[in-house]
Amino acid sequence: MRRPQVAKRNGGETGGKGKAGALGLLRVRPLPGDPTRGTLIAGGSVIPCALGRSGITSRKREGDGASPRGVFRLRGGFYRPDRFPVRPVSALPLRATRRDDGWCDAPQDRRYNRPIRLPSTAASAERLWRDDGLYDLVIDLDYNRGPIRPGRGSAIFLHIARSGYQPTEGCVALKPADLLRLLRRLGPATRMRIGR
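The name that an unreviewed UniProt entry assigns to the protein chain is L,D-transpeptidase family protein, with the source organism given as Methylorubrum podarium. Recorded under Pathway (unreviewed entry), the UniProt text for the protein chain is reproduced unchanged: "Cell wall biogenesis; peptidoglycan biosynthesis."

Undergrad: If you had to explain the overall build of the protein chain to someone new, which residues and values would you point to?
TA: The secondary structure content of the protein chain amounts to 1 helix and 15 strands. Within the span of the protein chain, comprising 196 residues, buried residues form 50% of the whole. Counting every atom, the protein chain has about 10,200 Å² of accessible surface; 50% of that belongs to carbon and sulfur.

Undergrad: Summarise the environment of F84; cite the residues concerned and give the values.
TA: In this fold, F84 is placed in the loop between β7 (76-79) and β8 (94-96). Those residues in contact with F84 that sit more than four places away from it in its chain are Y79, D136, L137 and L180.

Undergrad: For the side chain of S90, give the residues involved together with the corresponding values.
TA: Mapped onto the elements of the fold, S90 is located in the loop between β7 and β8. Each residue touching S90, except ones within four places of it in the same chain, is listed here: L183 and L186.

Undergrad: Give me the lowdown on the sheet that holds strand β10 (residues 115-117), citing residues and values where you can.
TA: With antiparallel pairing, 3 strands are arranged side by side in an open sheet as β10-β9-β11. At either end of the open sheet lies a strand with only one pairing partner, and these are β10 and β11 (125-127). Pairs of neighbouring strands in the sheet enclose a mean axial angle of 45°, with direction left out of account. Sheet topology places strand β9 (residues 101-104) next to β11; 3 bridges connect them, and they run antiparallel. Its bridge partner lying in β11, W103 is registered against E126.

Undergrad: How would you sum up the nonpolar core? Please name residues and give values.
TA: Counting residues in hydrophobic clusters, the biggest one holds 30 residues, and the most contacted among them are L26, L40, L158, V172, L182 and M192. For this core, the secondary-structure elements that each account for two or more residues are β1 (25-31), β2 (34-42), β3 (45-50), β12 (137-140), β13 (157-160), β14 (172-174), α1 (176-183) and β15 (191-194). Among the elements that line this core, the one with the most residues is α1, at 3 residues. Filtering out sequence-adjacent residues up to four positions away, V172 remains in contact with V28, L40, C49, A50, L51, F157, L158, H159, M192 and I194. Within the second largest apolar cluster, 9 residues are counted, among which are W103, L128, V138 and F157.

Undergrad: With reference to specific residues and values, describe the packing of aromatic side chains.
TA: Describing an aromatic ring pair means giving the distance of the ring centres and the angle of the ring planes. Under the definition given, this model contains 3 aromatic pairs. Between W103 and F157, the aromatic rings sit 5.0 Å apart at their centres with planes inclined by 90°, giving edge-to-face as the arrangement. Within this pair, whereas W103 is found in strand β9, its partner F157 is found in strand β13, the two being separated by 54 residues in sequence. With relative accessibility at 0%, the residue F157 sits in the buried group.

Undergrad: Describe the environment of R95, and please don't skip the residues or the numbers.
TA: By the element assignment, R95 lies in strand β8. A relative accessible area of 29% places R95 in the partly exposed class. Expressed as a C-alpha distance, the spacing of R95 and G77, which sit 18 residues apart in the sequence, is 6.5 Å. If sequence neighbours within four positions are ignored, R95 has contacts with G77, F78, Y79 and D101.

Undergrad: Help me get a handle on α1, residues and values and all.
TA: Taken residue by residue, α1 has D178, L179, L182 and L183 as its buried positions. Angularly, the buried residues of α1 cover 135° about the axis, an arc narrow enough to put them on a single face.

Undergrad: Which residues make up the environment of A96, and what are the values?
TA: Tracing the sequence through the fold places A96 in strand β8. For A96 and L137, which are 41 residues apart along the polypeptide, the C-alpha to C-alpha distance reads 9.5 Å. Not counting the four nearest positions on each side in its chain, A96 is found in contact with Y79, P81 and D101.

Undergrad: Report on the pairing of β9, specifying residues and quantitative values.
TA: By the alternation rule, side chains of β9 split into D101 and W103 and G102 and C104, which are all buried. Sheet topology places β9 next to β10; 3 bridges connect them, and they run antiparallel. Bridge assignment links D101 to a residue of β10, and that residue is R117.

What counts and what doesn't
Residues numbered from 1 in each chain as written. Predicted model: local features only at pLDDT ≥ 70, side-chain atom pairs only at ≥ 80, totals over all residues. Heavy atoms only, no water. UniProt positions renumbered as here; feature names shortened; annotations may be inferred. Helix = DSSP H or I, 4+ residues; strand = E, 2+ residues; numbered from the N terminus. Buried < 20%, exposed > 50% of the residue type's maximum accessible area, 1.4 Å probe, protein only. Areas by Shrake-Rupley, 256 points an atom, 1.4 Å probe, with all protein chains shown as cover. Contact = heavy atoms within 4.5 Å. Pairing = 2+ DSSP bridges. Axes fitted to C-alpha atoms, helices over the stretch in contact; angles between N-to-C directions. Core = buried A, V, L, I, M, F, W, Y, C linked by side-chain atoms within 4.5 Å. Phe/Tyr/Trp six-rings, centres within 6.5 Å; stacked < 30°, edge-to-face > 60°. Arc of directions from axis to C-beta.

Structure, rendered in structure tokens:
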């Protein structure tokens, strides 16, 4: 006797080629009256988040402090091994951050918006091993990565929020516990939509 098949939930809960049960779409929306704070909707969960100090924009530029509007895939990320001795659970590729990891944010450099080793000859680079804990857990949102357009913005991540959800420089940020829980539900087919 054949068993009846169980239907999968729809509405963006599963992502075609991703891990079974992985979320298909994360939606990030600003709060009415405060463009620097928002909510991240993940299936049936609504999670508070911080956004860029300039809100959300369709015309992202390096240093403008805005979160880019659009739909982005999650490329994978990094975690601080001294803060997370065990790799966080996720179907996304994650690797331990090294002390010399950086991210080039110099538009004139050929390595712009790519991971690099520090110290660097780049005019400017962001350090991924930070003292403030914001990058203890980081997911690369694949913004401006193919093709990379100089000056259109770099290092757009999903990362840990400052106390009180203070604005970011253009990223989306969550409380550490919320980001850890969310990671378990993400996979290679998950996408994030920022803005309506």
